[in-house]
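Close look at the chain arrangement
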Amino acid sequence: MFSPSICFPTTILQIHPSYSTDKTTHKCKTYTDNKKLHSFSAQFDVSANKETQLSCYKHTELEVLHDITSCSDVSVNSFVADSSLLGHLLQSSSSLKEVEILHAIVLKCLRTSTIFVENNLISVLVKFGRLNDARKVFDQMPERNVVSWTAMLNGYLRYGLDDEAMNLFAEFVRRGMLWNSKTYVCVLSMAGRNCDFELGKQVHAGIIKGGFSNLILDSSTVSFYAQCGDLESAFRVFDVIKRPDVVCWTTMITACSQHGRGKEALRVFLQLFSDGFDANEFTVCSVLNACGEEKELKFGKQLHAAIIKNRFRMDVFIGTALVDMYAKCGEIDDARTVFDGMGKRNTVTWTSIIAGYARNGHAEEAIRLFRIMKRRKIFANNLTMVSILRACGLLRALPAGKEVHAQIIKNSLQDNIYLGSTLVWLYCKCSENSAAHKVLQDMPIRDVVSWTAMISGCAHLGHEYEALEYLKDMLSEGVVPNPFTYSSALKACAKLEDIKRGKLIHSSISKTPSLSNVFVGSALINMYAKCGYLPEAIQIFDNMPERNLVSWNVMIVAYAKNGCCGEALKLMYRMQVEGIEVDDYILATVLTACGEFKENIKSNSKYFLHPNSP
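Residues numbered from 1 in each chain as written. Predicted model: local features only at pLDDT ≥ 70, side-chain atom pairs only at ≥ 80, totals over all residues. Heavy atoms only, no water.

**Some details on the overall build of the chain**
Assigned secondary structure in the chain consists of 34 helices and 0 strands. Counting over 614 residues, the chain shows a buried share of 48%. Long-range contacts, defined here as pairs at least 24 residues apart, represent 63% of the contacts in the chain between residues at least 6 apart. (Helix = DSSP H or I, 4+ residues; strand = E, 2+ residues; numbered from the N terminus. Buried < 20%, exposed > 50% of the residue type's maximum accessible area, 1.4 Å probe, protein only. Contact = heavy atoms within 4.5 Å.)

**Here's the deal with the state of the cysteines**
Enumeration over the complete set of coordinates arrives at 0 disulfides. Looking at the unpaired Cys-564, the closest cysteine sulfur is the one in Cys-565, lying at 7.8 Å. (Disulfide = S-S within 2.5 Å.)

**So, the confidence of the model for the chain**
Residue-level pLDDT values for the chain average 78, and 78% of them are 70 or greater. Per-element mean pLDDT across the chain ranges from 31 in helix 1 (residues 10-14) up to 95 in helix 19 (residues 332-341). Here residues 50-80 scores under 50 on pLDDT; set against residues more than four positions off or in separate chains, the count is 85 contacts. (pLDDT = per-residue confidence, 0-100.)

**Quick notes on the packing of helix 6 (residues 115-127) against helix 8 (residues 146-158)**
Contact geometry for helix 6 and helix 8: axes closest at 9 Å, N-to-C directions at 5 degrees. Classified by the interaxial angle, the pair formed by helix 6 and helix 8 is roughly parallel. Of the residues in helix 8, those touching helix 6 at Ile-115, Asn-119, Ile-122, Ser-123, Val-126 and Lys-127 are Val-147, Ser-148, Ala-151, Met-152, Gly-155 and Arg-158. Residue classes in the contact of helix 6 with helix 8 are distributed as 6 nonpolar, 4 polar and 2 charged. (Axes fitted to C-alpha atoms, helices over the stretch in contact; angles between N-to-C directions. Parallel < 35°, antiparallel > 145°, perpendicular 65-115°, else oblique. Nonpolar A, V, L, I, M, F, W, Y, C, P; charged D, E, K, R; others polar.)

**Here's the deal with the pattern of salt bridges**
Counted according to the given criterion, the structure contains 22 salt bridges. As a salt-bridge pair, Asp-139 and Arg-135 come within 2.9 Å of each other at their nearest N and O atoms. Within this pair, Asp-139 and its partner Arg-135 are both found in helix 7 (residues 131-140), separated by 4 residues, close to a single helical turn. Arg-135 sits in the partly exposed class, given a relative accessible area of 27%. For Glu-171, the salt bridge identified is with Arg-174, shortest N-O distance 2.7 Å. Taken together, the residues span about one helical turn, with Glu-171 and Arg-174 both in helix 9 (residues 162-174) at a distance of 3 residues. Given a relative accessible area of 23%, Glu-171 falls into the partly exposed group. Beyond isolated ion pairs, a larger network of salt bridges with shared partners links Glu-232, Arg-261, Glu-264 and Arg-267. (Salt bridge = Lys/Arg side-chain N within 4 Å of Asp/Glu carboxyl O.)

**Here's the deal with a positive patch on the surface**
A surface patch of positive charge is lined by Lys-491, Lys-495, Lys-530 and Lys-561. Here Lys-530 is to be found in helix 30 (residues 518-530). (Patch = residues over 30% accessible without salt bridge, like charges linked within 9 Å, V, L, I, M, F, W, Y side chains within 5 Å. Areas by Shrake-Rupley, 256 points an atom, 1.4 Å probe, with all protein chains shown as cover. Lys, Arg positive; Asp, Glu negative; His and termini not counted. Charge placed at Lys NZ, Arg CZ, Asp CG, Glu CD.)

**Looking at the nonpolar core**
Counting residues in hydrophobic clusters, the biggest one holds 171 residues, and the most contacted among them are Ile-122, Leu-288, Ile-353, Ile-505, Met-527, Met-555 and Val-590. Those residues in contact with Val-590 that lie beyond four places of it in its chain are Ile-556, Ala-560, Ala-568, Leu-569 and Met-572. (Core = buried A, V, L, I, M, F, W, Y, C linked by side-chain atoms within 4.5 Å.)

**So, unusual backbone geometry**
The phi dihedral of Cys-195 falls on the positive side, at around 50 degrees, and the residue is not glycine. By the element assignment, Cys-195 lies in the loop between helix 10 (181-193) and helix 11 (197-210). Positive phi outside glycine occurs at Lys-377, with the angle close to 60 degrees. Assignment of secondary structure puts Lys-377 in the loop between helix 21 (363-375) and helix 22 (382-395). On the basis of relative accessibility, which here comes to 75%, the residue Lys-377 falls in the exposed class.

**A look at the packing of aromatic side chains**
Within a pair of aromatic rings, the relevant descriptors are the distance that separates the centres and the angle that separates the planes. Tallied over the entire structure, the rule returns 13 aromatic pairs. Here the aromatic rings of Phe-172 and Trp-179 are separated by 5.8 Å at their centres, their planes lie at 70 degrees, and the arrangement is edge-to-face. Taken together, Trp-149, Phe-169, Phe-172, Trp-179 and Tyr-184 form an aromatic cluster joined through their ring pairs. The side chain of Arg-345 reaches across the aromatic face of Phe-339, ending 4.2 Å from its centre. (Phe/Tyr/Trp six-rings, centres within 6.5 Å; stacked < 30°, edge-to-face > 60°. Lys NZ or Arg CZ within 6 Å of the ring centre and 35° of its normal.)

**As for helix 16 (residues 281-294)**
The first and last C-alpha atoms of helix 16 sit 20 Å apart over 14 residues, in line with the 20 Å expected at 1.5 Å per residue. If you follow the buried residues of helix 16, they end up packed against helix 14 (246-258), helix 15 (262-274), helix 17 (297-308) and helix 18 (316-328). One side-chain oxygen at the N-terminal end of helix 16 lies 3.1 Å from the backbone nitrogen of Phe-282; it belongs to Asn-280. Positive phi appears at Lys-295, one or two residues downstream of helix 16, with a value of about 55 degrees. (Expected span 1.5 Å × (residues − 1). Polar contact = N/O pair within 3.5 Å; in protein donor to acceptor, adjacent residues only side chain to side chain.)

Take a look at the structure:
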């Protein structure tokens with residue numbers, strides 16, 4: 001495997017007893033005796049510590065070591081390379097050139113394979129992104145240990161090659177290799193990224209059974225459960241960690257924020273400080289996101305004040321999080337102030353302010369900022385496109401929407417499911433039903449959002465038959481409706497007074513959790529009432545676990561338009577008693593529908609209402 005004819009650097013030859021000082025000799029002098037040469041490590045002062053030796057060696061010798069790979073006129077059969085030194089040199093390599101030189105030394109100077117050196121070689125090749133070279137070293141190893149497998153597995157995961165990582169892991173398991181804590185960390189990371197809950201749970205069981213426990217491993221377990229959305233399990237693991245670090249705290253805060261539990265994220269953040277920890281910039285970004293989702297403006301402003309006082313370093317990520325927080329809390333002027341004051345902005349920053357303007361009813365400014373963004377050649381990501389399409393839809397700005405659509409096609413983004421769904425919504429908003437249909441048909445994958453956008457758009461535009469046909473097509477593709485789909489389809493049935501299809505939809509809803517959704521309940525009441533089935537509407541209303549203003553209004557109008565004026569007025573009274581304000585529109589609707597009936601009601605009746613009554 002190794003060449004019997006080896007050339008050594010001049011500096012090493014100079015300290016050997018048989019080195020000739022003849023000025024005319026070649027720097028790679030030939031040895032003809034059989035004296036055993038010293039190993040590399042013998043050339044150092046044994047009194048010096050390892051760090052000093054490595055530093056000295058790297059700066060004075062490594063540039064010369066490439067001679068080993070290029071000279072072949074020296075025959076030294078007894079040279080032995082020091083595997084320990086090579087391993088440590090590999091660990092401290094700072095450039096790919098150094099790694100290549102050391103790799104050559106390993107191939108030419110090591111007489112036998114050494115797991116320690118080859119493991120370090122795999123790790124450093126992974127570090128510099130040379131995964132193919134690392135895999136060649138791994139495959140050629142006559143013997144591998146858990147470190148070899150873990151180093152290669154970590155490399156695949158680091159560069160997002162999850163399929164290769166999974167195949168390697170499967171082989172690792174088949175061979176019955178023992179795990180170490182780093183292996184557990186790698187596999188948990190892989191399970192979390194792929195939301196492979198069963199694999200992650202089995203790994204966690206193995207950790208407990210094997211008695212493994214350290215902060216990195218425990219934090220990885222918390223992160224796995226958080227990525228899979230099982231916050232209860234994440235908290236159970238987190239609560240038994242004796243001294244979680246700020247990374248572990250941030251993992252929990254981020255998980256709560258991303259899974260709609262913003263209040264809990266803020267609670268954990270306060271607990272972090274009470275336990276004597278300082279948050280970092282990543283923690284602050286997650287908390288600001290929670291403030292935005294929960295509309296906790298006061299909390300967000302307190303964090304902003306702490307940032308201004310240099311409690312936390314203001315960077316583009318925190319600035320972006322502040323813009324997003326203010327925009328989500330409806331404080332678009334404050335969001336703009338932060339945006340304008342930022343020295344550096346990225347795509348996410350621009351997207352946050354554009355989405356903020358669109359969300360707060362300032363679609364014109366959103367479109368203006370998007371045009372500025374384009375002029376400055378700032379990359380617009382999918383979320384930017386979604387936000388600007390929403391702004392165009394709100395303004396019914398069809399030309400601007402078509403311009404964005406053209407840009408999406410130019411950038412080959414039309415297959416993106418979120419952009420496709422938003423385009424369907426945009427064209428429906430602009431009464432371009434045929435264009436919406438074409439976008440939907442061209443989408444390679446259609447999810448419930450895209451189908452619902454089409455169904456809702458048709459129902460809104462007065463194309464009720466088409467809406468129900470799209471529902472049928474959606475079901476035939478195996479896509480499960482959500483509450484918004486059901487609500488839109490029921491509105492179409494109500495307009496058509498199609499009780500047969502309405503009942504079929506109701507039957508389907510009864511088998512799903514959507515039955516308890518307040519919007520679905522309201523749509524069912526409206527459908528039955530419009531079709532003249534008042535008892536069914538009353539039953540739905542009475543069985544609703546939650547009612548909103550729409551539910552009350554729909555039921556009151558249903559009573560009034562079906563001639564049950566007394567019941568309508570009683571329900572209005574009951575509505576007021578429960579603290580829900582009766583608006584002028586519903587009062588006018590009921591009193592108009594019950595014009596003759598109200599003349600028979602005495603003014604002192606407990607059911608007689610006034611528009612401004614408390």
